[in-house]
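# Summary of the model geometry
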Amino acid sequence: MMITCARKNLKGGSYSGTPKFIAEILSPSTAKRDRGMKMAIYEKAGVEEYWLISPEGHLEIYYLEDGRYHLEENYILQDDAEQAYYNADTEIHLRDFPHIRMALWEIFEGVE
């Protein structure tokens, strides 16, 4: 997933420029690349917010500060309302787009 504010950078089915936000859904075959090479590329390019989402219910939110990513938020989905650490209704928002909000459970809906 990618969010951009510059429609002028959209050409056909491709984008030229630096998005504000990128989310990657991890899989066993891509996790190493998403955490390593791709993360370094996005950091160097200046992508301000980077999310790593695992199918197991883990969300890591990184923000770019002084040219380096820093882990700002770290969630493990607990969607059993009977459990003490239930957090599925926790509202998450994008830093640069605070009007874009979603519950933690919504982020993982359909992620496999």
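Further up the page is the structure itself.
Presented here is an overview of the structure given in this document. (Residues numbered from 1 in each chain as written. Predicted model: local features only at pLDDT ≥ 70, side-chain atom pairs only at ≥ 80, totals over all residues. Heavy atoms only, no water.)

The next thing to look at is a negative patch on the surface. Judged by side-chain charge, E65, D66, E72 and E73 come together as a negatively charged surface patch. Tracing the backbone shows D66 in the loop between β6 (58-65) and β7 (68-76). (Patch = residues over 30% accessible without salt bridge, like charges linked within 9 Å, V, L, I, M, F, W, Y side chains within 5 Å. Areas by Shrake-Rupley, 256 points an atom, 1.4 Å probe, with all protein chains shown as cover. Salt bridge = Lys/Arg side-chain N within 4 Å of Asp/Glu carboxyl O. Lys, Arg positive; Asp, Glu negative; His and termini not counted. Charge placed at Lys NZ, Arg CZ, Asp CG, Glu CD. Helix = DSSP H or I, 4+ residues; strand = E, 2+ residues; numbered from the N terminus.)

Counted under the stated rule, the structure contains four aromatic pairs. Seen from their ring centres, F21 and W51 are 5.1 Å apart, and the 85° between their planes marks the pair as edge-to-face. Of the two residues, F21 sits in strand β4 (residues 21-25) while W51 sits in strand β5 (residues 49-54), which places them 30 residues apart along the sequence. W51 carries the same exposure label as F21, and that label is buried. Sitting above the plane of the Y63 ring, R95 keeps its charged end 4.0 Å from the centroid. (Phe/Tyr/Trp six-rings, centres within 6.5 Å; stacked < 30°, edge-to-face > 60°. Buried < 20%, exposed > 50% of the residue type's maximum accessible area, 1.4 Å probe, protein only. Lys NZ or Arg CZ within 6 Å of the ring centre and 35° of its normal.)

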